[in-house]
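Structural features, examined
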Amino acid sequence: MRTGRLLGSGRSADVYEIDEAWVLRRDREGWGDATAEAAVMQHVRSHGYPVPAVRAATRGDLVMERLSGPTMLEAFGQGLLSAQEAGLALARLLRKLHAVPARLSADPAVRVLHLDLHPDNVMLTPDGPKVIDWANAEEGPPGLDWAMSAVILAQVAVGGEPVGDVAAETLDALLDGNEDQVTEEGLVEAGRRRAANPTMSAHEGQLLGEADGLIRALLH
């Protein structure tokens, strides 16, 4: 597929303009499967979950609805969103996602998991927040999804970056009142998965122990 203007780049993919209504996300690294991702997005969207519409997908390309508005992360910098508001919004999005029945499994305890829900993967559109980047989505226990979001935020919180304080406040708000959602099994598995993530830097990997300690301190 021919591409238009480059709109943005992530760790493993680039997003190009098609027209005013649609964009093309193209995988650079060959790790993902956009057809599987599209199936998950269409499933959760059919149950009312806020995701972009999908028009077409191949293994490396995903054509989806063009969204307007900043990501949560961009909104922090623009003074449009507080860390408290972000944490509460992430918690609502996780709860709403886990109310959607699994697409493949018949086990009522299994749900669709995003596994990468953090402020840079939520866009604040005029129609409300919409969740993007479903490349890591699986089905499994909701506790793993909560733990993955917590670990990602905690790594930023302990990483010494300027946004560390905002990440810590967002994490605190995410966990406040939701302590029962983060299971021990979920935390252990989230840490293992993050350690094995090929897109993480060595420095990010070194932060996992301290990040785990921060989450456990907030949970007690």
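Structure: above.
Residues numbered from 1 in each chain as written. Predicted model: local features only at pLDDT ≥ 70, side-chain atom pairs only at ≥ 80, totals over all residues. Heavy atoms only, no water.

Okay, the overall build of the protein next. On a plain count of helices and strands, the protein comes out with eight helices and nine strands. Taking 220 residues into account, the globule formula puts the C-alpha radius of gyration at 17 Å, and the protein, at 17 Å, falls close to it. Seen through its principal axes, the protein has C-alpha atoms that stretch 50 × 45 × 35 Å. Buried residues in the protein amount to 45% of all 220 residues. For the protein, restricting intrachain contacts to residue pairs at least 6 apart in sequence, the fraction spanning at least 24 positions comes to 63%. (Helix = DSSP H or I, 4+ residues; strand = E, 2+ residues; numbered from the N terminus. Rg over C-alpha atoms; globule rule 2.2 N^0.38 Å. Buried < 20%, exposed > 50% of the residue type's maximum accessible area, 1.4 Å probe, protein only. Contact = heavy atoms within 4.5 Å.)

Our focus in this paragraph is the pairing of strand β7 (residues 122-125). Examined bridge by bridge, β7 and strand β8 (residues 128-131) share four bridges and lie antiparallel to one another. The residue of β8 that forms the bridge with valine 122 is valine 131. Between β7 and β8, which pair antiparallel one after the other, the connecting turn spans two residues. (Pairing = 2+ DSSP bridges.)

This part is about the nonpolar core. Generally speaking, soluble globular proteins have nonpolar side chains that are buried together. Counting residues in each nonpolar core, the largest one holds 52 residues, and the members touching the most others are Val44, Tyr49, Trp134, Leu171, Leu174 and Ile215. The element contributing the most residues to this core is helix α4 (residues 142-157), with eight residues. (Core = buried A, V, L, I, M, F, W, Y, C linked by side-chain atoms within 4.5 Å.)

Summarising the element assignment, aspartate 33 is placed in the loop between β3 (22-27) and α1 (34-46). Measuring from C-alpha to C-alpha, the distance between aspartate 33 and glycine 60 comes to 6.2 Å, with 27 residues separating the pair along the chain.

Let us now look at unusual backbone geometry. Here the phi dihedral of leucine 115 falls at roughly 70°; this positive angle occurs in a residue that is not glycine. Take leucine 115: it is sitting in the loop between β6 (111-113) and β7. A positive phi angle, close to 60°, is found at aspartate 133, a residue other than glycine. Looking at the element boundaries, aspartate 133 is found in the loop between β8 and β9 (138-140).

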